[in-house]
Amino acid sequence: MLGAVLLLATPLRAQGVSGDVIKIGIMNDQNGPYADNCGPGAVASAKLAIADFGGAVNGKKIELVVADDQNKPDVGVAVALRWVDNEGVDAIVGCSASSIALAVQDIMKARKKPYMLAGTAGSFFTNDKCSPMTTQWMVDTYAQPKATVKAMLAEGVDTWFFLTVDYAFGKVWQADTTNFINAGGGKVLGSVLHPLNSSDFSSFLLTAQASGAKAIALANSGADFGNAIKQAQEFGLSQKQKLVPLGLMINQTHGIGLRDLQNVRLTTPFYWDLTPETRAFAKRFSEASNGQILNEAKSATHSALTHYLKAVAAVGTDDGEAVVRQMKKTPINDFEMKDVSIRADGQVMRPLYVARIKTPAESKYPFDYYEITGTIAAEDAWRPASESACDLLKSQ
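Residues numbered from 1 in each chain as written. Predicted model: local features only at pLDDT ≥ 70, side-chain atom pairs only at ≥ 80, totals over all residues. Heavy atoms only, no water.

Let's shift gears to the overall build of the protein. Helix and strand counts for the protein stand at 15 helices and 13 strands. Relative to the globule expectation of 21 Å for 396 residues, the C-alpha radius of gyration of the protein, 21 Å, shows essentially globular dimensions. Overall, the C-alpha framework of the protein stretches about 80 × 40 × 35 Å when taken along its three principal axes. The proportion of buried residues among the 396 residues of the protein is 58%. Total accessible area on the protein stands at roughly 15800 Å², and carbon and sulfur atoms take up 53% of it. (Helix = DSSP H or I, 4+ residues; strand = E, 2+ residues; numbered from the N terminus. Rg over C-alpha atoms; globule rule 2.2 N^0.38 Å. Buried < 20%, exposed > 50% of the residue type's maximum accessible area, 1.4 Å probe, protein only. Areas by Shrake-Rupley, 256 points an atom, 1.4 Å probe, with all protein chains shown as cover.)

Structure, rendered in structure tokens:
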């Protein structure tokens with residue numbers, strides 16, 4: 001009789017919502033160099049997702065908590081531990097630096113809580129560092145440079161120099177890009193590392209200029225990218241060398257301006273002006289966020305949280321493992337993605353778009369920045385399962 005009771009008790013514990021509330025954590029840089037990528041805008045996007053559910057799922061209130069990780073792993077770890085161990089947080093949507101996200105991922109895996117990456121780009125999250133509780137919603141350091149390098153090599157740009165931010169994100173981005181350059185017959189002539197949140201890039205840029213490389217790849221993001229681009233233009237680097245952004249988001253395009261970025265090629269998972277649905281949500285988001293432009297990470301935040309809440313509604317519980325299983329077996333359908341699956345390694349198998357940044361004369365209305373020149377199918381964009389070191393794929 002005791003054995004029968006235990007067998008029945010196990011599934012019953014997975015039912016229902018713990019604490020009678022679905023509690024979501026948003027963790028990112030709220031005030032530092034990456035705050036414009038996600039920051040308060042990601043919070044605004046998450047609030048819109050919650051509003052779409054009327055603030056509740058199956059009668060259980062949805063609660064949102066926010067933390068500034070300050071781009072420090074110890075801060076991110078402390079917040080995650082407090083949230084899941086003491087404050088009943090059921091899932092985290094993160095847009096943290098890769099070094100922070102790796103540590104938080106370990107916590108979420110041990111506690112069996114969903115962790116949705118909506119801006120963290122390290123490709124190892126769906127490769128050798130994959131976790132059954134992590135899903136990757138944006139673009140990573142494998143897919144984005146793959147398309148960029150292929151296009152540049154086709155134009156004869158075959159020698160490269162890297163200007164790389166000195167932490168896990170930048171180093172992985174450089175390593176992945178280097179692999180594509182070498183595979184395509186190109187050559188890397190050198191690289192320099194710069195500290196996070198640098199204001200003076202003069203010495204780094206002079207080294208890049210002296211290399212004679214045809215392309216200077218910028219393996220950084222946020223304020224670092226903006227400062228590097230502006231100072232590169234002041235040094236006249238773009239007159240003889242091509243500046244190649246590896247992690248450009250549209251909010252950075254807006255901040256830097258079309259004059260400095262015109263005709264730059266890039267790959268992006270999302271553009272606000274693609275369809276009537278994306279335009280409608282972009283308008284709604286702008287109204288809710290003091291006029292911000294809807295970028296790739298903020299749209300991904302809404303998609304990730306919406307899909308998570310749909311899964312909670314479907315399984316009737318906030319049990320992490322049950323919710324992630326439901327998320328992976330259900331296609332994503334929202335304003336930016338249609339019938340997109342989540343692979344066993346957590347990769348959201350969305351298509352990517354090839355874009356050209358317009359000239360100032362071509363831009364006809366606010367945020368009219370990109371011309372979409374092509375679409376890359378998911379199976380051609382992301383790391384093939386056959387090349388992955390993720391055990392989750394091998395166990396299929």
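To continue, consider the environment of Gln233. Checked against the element boundaries, Gln233 lands in helix H8 (residues 222–235). Dropping the residues within four chain positions of it, Gln233 is found in contact with Ser238, Leu243 and Asp260. Of the polar contacts made by the side chain of Gln233, one reaches the backbone oxygen of Asp260; its length is 2.9 Å. (Contact = heavy atoms within 4.5 Å. Polar contact = N/O pair within 3.5 Å; in protein donor to acceptor, adjacent residues only side chain to side chain.)

Here we come to the packing of aromatic side chains. Counting across every chain of the model gives 9 aromatic pairs. Linked through ring pairs, Tyr271, Trp272, Tyr365 and Tyr370 together constitute an aromatic cluster. (Phe/Tyr/Trp six-rings, centres within 6.5 Å; stacked < 30°, edge-to-face > 60°.)

Counting residues in each nonpolar core, the largest one holds 44 residues, and the members touching the most others are Trp137 and Tyr308. Elements supplying a minimum of two residues to this core: strand S1 (21–28), helix H2 (39–52), strand S4 (91–95), helix H5 (143–154), helix H12 (296–315), helix H13 (320–329) and helix H14 (378–381). Looking at this core, the element that brings in the most residues is H12, giving 8 residues. Residue contacts for Trp137: discarding those within four places in its chain leaves Met116, Leu117, Ala300, Ser303, Ala304, His307, Met327, Ile332, Met337, Ile342, Val348 and Arg350. (Core = buried A, V, L, I, M, F, W, Y, C linked by side-chain atoms within 4.5 Å.)

What follows deals with the packing of helix H7 (residues 202–211) against H8. Helix-helix packing: each pair is described by the crossing angle between the helix axes and the interaxial distance. At a closest axis distance of 10 Å, the pairing of H7 and H8 adopts a crossing angle of 60 degrees. Judged by the inter-axis angle, H7 sits oblique to H8. The interaxial crossing formed by H7 with H8 has right-handed handedness. Each of Ser202, Leu205, Leu206 and Gln209 in H7 lies in contact with H8, whose residues at this interface are Ala228, Gln231, Ala232 and Phe235. Each residue belonging to the contact of H7 with H8 can be placed in one class, and the counts come to 5 nonpolar, 3 polar and no charged. (Axes fitted to C-alpha atoms, helices over the stretch in contact; angles between N-to-C directions. Parallel < 35°, antiparallel > 145°, perpendicular 65-115°, else oblique. Left-handed = near helix turned anticlockwise from the far one by under 90°. Nonpolar A, V, L, I, M, F, W, Y, C, P; charged D, E, K, R; others polar.)

What follows deals with the pattern of salt bridges. Under the criterion given, the structure shown has 17 salt bridges. Ionic pairing is found between Lys171 and Asp166, a salt bridge with its closest N-O pair at 3.2 Å. Accessibility expressed as a relative area gives 43% for Lys171, which makes it partly exposed. Across the pair Asp345 and Arg343 runs a salt bridge, and its minimum N-O distance is 2.9 Å. (Salt bridge = Lys/Arg side-chain N within 4 Å of Asp/Glu carboxyl O.)

Remember that the coordinates give geometry; whether it matters functionally is a separate question.
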